[in-house]
Amino acid sequence: MNHDLTSPLGLPTVYLVDDEEVVRDALGWLLRSRRLLCESYASAEDFLAMLGSRPEAAEGAWPRAPGCLLLDMRMPGMSGLALFEILAARGLLQTLPALFLTGHGDVPTAVAAVQRGAFDFV
């Protein structure tokens, strides 16, 4: 899988971070069926490693073609909320809306995520 931050056509990319392979596969298929570009990562650490390899991400010049970030809330290791906070501190969420996806959400967690700047919580 190519993890370039901008597609060759300059199209927006949906970045999917979820530890469940079946969820990544299903959402990736759905997004691609709607002619959206999708890159998936099995963990928050994998997504951060990809960002670490991109100097433009460190400079806040990422992404060049706005898309969105779909984050699982609960994952082994770093949670989606922890990744969200790191990205917010780097100023990367100003051009990349983050949406949380989880099967284990509750109202206080959803409110906290949206208050911290998440675009939505599903």
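Residues numbered from 1 in each chain as written. Predicted model: local features only at pLDDT ≥ 70, side-chain atom pairs only at ≥ 80, totals over all residues. Heavy atoms only, no water.

## Things to note about the nonpolar core
One recurring pattern in soluble globular proteins: nonpolar side chains tend to sit buried together.
Alright, step 1. Membership of the largest hydrophobic core comes to 22 residues, with the highest contact counts inside it found for Val-17, Phe-47, Leu-69, Leu-83 and Leu-87.
Alright, step 2. Broken down by secondary-structure element, the contributors of at least two residues to this core are strand S1 (13-17), helix H2 (44-52), strand S3 (68-72), helix H4 (80-89) and strand S4 (98-101).
Alright, step 3. Looking at this core, the element that brings in the most residues is H2, giving five residues.
Alright, step 4. If we skip the residues at most four places from it in the chain, Leu-69 touches Tyr-15, Val-17, Phe-47, Leu-87, Leu-93, Leu-96, Pro-97, Ala-98 and Leu-99. (Core = buried A, V, L, I, M, F, W, Y, C linked by side-chain atoms within 4.5 Å. Buried < 20%, exposed > 50% of the residue type's maximum accessible area, 1.4 Å probe, protein only. Helix = DSSP H or I, 4+ residues; strand = E, 2+ residues; numbered from the N terminus. Contact = heavy atoms within 4.5 Å.)

## A few points about the pairing of S4
Alright, step 1. Pairing analysis gives four bridges linking S3 to S4, with the strands arranged parallel. Bridge pairing links Leu-70 to Leu-99 in S4.
Alright, step 2. Handedness of the crossover joining S3 and S4 through H4: right-handed. (Pairing = 2+ DSSP bridges. Right-handed = clockwise from strand over helix to strand, strands pointing away.)

## Section: H2
Alright, step 1. Three or more residues of H2 are buried, namely Ala-44, Phe-47, Leu-48, Met-50 and Leu-51. Around the axis of H2, the buried residues are gathered within 155° of arc, so they sit on the same side. When the buried face of H2 is taken as reference, the exposed residues oriented beyond 90 degrees from it are Ala-49 and Gly-52. (Arc of directions from axis to C-beta.)

## Description of the environment of Met-73
Alright, step 1. Along the polypeptide, Met-73 turns up in the loop between S3 and H4.
Alright, step 2. In this structure the C-alpha to C-alpha distance between Met-73 and Thr-102, which are 29 residues apart in sequence, comes to 5.5 Å.

## Some points on the packing of aromatic side chains
Alright, step 1. Inspection of every chain in the model, using the stated rule, returns three aromatic pairs.
Alright, step 2. Ring geometry for Tyr-41 and Phe-47: centres 5.3 Å apart, planes at 85°, overall edge-to-face. There is no split in this pair, since Tyr-41 and Phe-47 are both buried.
Alright, step 3. Site record: aromatic cluster; members linked through ring pairs are Tyr-15, Tyr-41 and Phe-47. (Phe/Tyr/Trp six-rings, centres within 6.5 Å; stacked < 30°, edge-to-face > 60°.)

## Considerations on the state of the cysteines
Alright, step 1. Using the criterion set out here, one finds zero disulfides in the structure.
Alright, step 2. Residue Cys-38 stays outside any disulfide, its sulfur separated by 8.9 Å from that of Cys-68, the closest cysteine.
Alright, step 3. A relative accessible area of 17% places Cys-38 in the buried class. (Disulfide = S-S within 2.5 Å.)

## Regarding the confidence of the model for the chain
Alright, step 1. Of the residues in the chain, 68% have a pLDDT of 70 or more, and the chain-wide mean is 79.
Alright, step 2. Confidence, read as mean pLDDT per element, is least for strand S5 (residues 120-121) in the chain (58) and greatest for strand S2 (residues 37-41) (93).
Alright, step 3. Taken together, the stretch residues 1-6 has pLDDT below 50 and engages in 17 contacts with residues farther than four places along the chain or on a different chain. (pLDDT = per-residue confidence, 0-100.)

## Observations regarding the packing of H2 against H4
Alright, step 1. For the pair H2 and H4, interaxial distance at closest approach is 10 Å and the crossing angle is 20°. When the interaxial angle is binned, H2 and H4 end up roughly parallel. Every pair of crossing elements has a handedness; the one defined by H2 and H4 is right-handed. Of H4, the residues touching H2 (which contributes Ala-44, Phe-47, Leu-48 and Leu-51) are Leu-83, Ile-86 and Leu-87.
Alright, step 2. In the contact of H2 with H4, the residues fall into seven nonpolar, no polar and no charged. (Axes fitted to C-alpha atoms, helices over the stretch in contact; angles between N-to-C directions. Parallel < 35°, antiparallel > 145°, perpendicular 65-115°, else oblique. Left-handed = near helix turned anticlockwise from the far one by under 90°. Nonpolar A, V, L, I, M, F, W, Y, C, P; charged D, E, K, R; others polar.)

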